[in-house]
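Commentary on secondary and tertiary structure
Chain by chain, the residues run as shown.
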Amino acid sequence: NYAYAHEAASALYKVAHAYEANKQFAEAGTLYNKLLHEYFYSALAKEVREKQGIILSRSGQNDLAISVLKKQLLSPFLKDFVLSSAFLSDKTLARLYFLAMAFEKKGISSEAVKTFRLYLRLAGSDTYRDQARFKLAEIYYHKNRMETALENFLAVGRKDPLLYLTARRYAAEIYFKQ
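All of the points below concern the structure found in this document. (Residues numbered from 1 in each chain as written. Predicted model: local features only at pLDDT ≥ 70, side-chain atom pairs only at ≥ 80, totals over all residues. Heavy atoms only, no water.)

**Describing the pattern of salt bridges**
Rules: Criterion for a salt bridge: a side-chain nitrogen of Lys or Arg within 4 Å of a carboxyl oxygen of Asp or Glu. Runs of H or I in DSSP of at least four residues are treated as helices and runs of E of at least two as strands, each being numbered from the N terminus. Between buried and exposed lies partly exposed: a residue is buried under 20% and exposed over 50% of the maximum accessible area for its type, with that area taken using a 1.4 Å probe on protein chains only.
On inspection of all chains with the given rule, the structure shows nine salt bridges. In this structure, the salt-bridge partner of R95 is E50, at a minimum N-O distance of 2.8 Å. Taken together, the residues span a long stretch of sequence, with R95 in helix 6 (residues 90-106) and E50 in helix 3 (residues 43-58) at a distance of 45 residues. Classification of E50 by relative accessible area gives partly exposed; the value is 28%. Measuring nitrogen to oxygen at the nearest pair gives 3.7 Å for the salt bridge that ties K177 to E173. Here K177 pairs with E173, and both are found in helix 10 (residues 161-177), just four residues apart, close to one helical turn. Overall, E173 belongs to the partly exposed group, its relative accessible area being 28%. Via salt bridges that share partners, E50, K91 and R95 belong to a single interconnected network.

In structure tokens form, the structure reads like this:
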């Protein structure tokens with residue numbers, strides 16, 4: 001029966017992955033969930049579980065993303081700066097970033113700030129560092145904490161030129177308001 005063959009799970013995964021690569025996260029999430037339910041026993045299901053929270057966050061399913069990512073981030077190393085640098089993986093850091101993003105999208109700014117700050121403390125030069133700085137700065141900006149917002153806007157690097165210029169525009173606006 002083809003529906004239960006390994007090839008079916010693999011084909012489903014490939015299509016979902018193609019959606020993910022094209023930034024169609026809702027579609028990818030739907031197919032990944034189907035894979036998790038119908039082929040839960042496969043090796044691919046384990047891989048999907050690893051990135052499920054991130055896909056949920058990227059597709060805007062923030063309640064589910066928060067629930068899944070919190071469970072995936074039960075590491076005791078998150079609170080220990082010394083051990084975290086040795087034991088936290090890039091996947092864990094990405095989960096932390098996307099958890100902060102889910103909190104921010106839900107409007108739970110206190111949790112978003114806490115999670116972004118933890119991410120920035122642990123991230124080093126991780127992929128999402130500038131985006132996290134920018135989002136954190138925006139939260140502070142909208143809470144009228146201009147000095148803290150300015151500090152974070154100025155810390156956004158040049159890796160993403162559009163993000164950098166937007167951060168500088170916010171910084172200039174803050175300077176002109178003072």
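Further notes follow.
**A word on the nonpolar core**
Threshold: The term nonpolar core refers to a set of buried residues drawn from Ala, Val, Leu, Ile, Met, Phe, Trp, Tyr and Cys, joined through side-chain atoms within 4.5 Å. Whether two residues are in contact is decided by their heavy atoms: any pair within 4.5 Å suffices.
Counting residues in each nonpolar core, the largest one holds 44 residues, and the members touching the most others are Y97, F116, Y119, F134, Y141, F153 and I174. Of all the elements in the fold, those that place two or more residues in this core are helix 3, helix 4 (62-72), helix 6, helix 7 (109-123), helix 8 (129-142), helix 9 (146-154) and helix 10. With residues up to four places along the chain from it excluded, the contact list for I174 reads Y141, M146, A149, L150 and F153. Core analysis: the second largest hydrophobic core is formed by 16 residues, A8, L12, A28 and V48 among them.

**Considering helix 8**
Where we set the bar: Expected span of a helix: the number of residues minus one, times 1.5 Å.
The terminal C-alpha atoms of helix 8, which comprises 14 residues, lie 20 Å apart, in line with the 20 Å expected from a rise of 1.5 Å per residue. Counting buried residues in helix 8 gives ten out of 14 residues, a clear majority hidden from the surface. For helix 8, the set of buried residues is D130, A132, R133, F134, L136, A137, E138, I139, Y140 and Y141. For helix 8, the elements touching its buried residues are helix 6, helix 7, helix 9 and helix 10. Immediately beyond the C-terminal end of helix 8, within one or two residues, lies N144, with a positive phi of roughly 65°.

Everything listed here is a matter of coordinates, which is why it stays silent on function.
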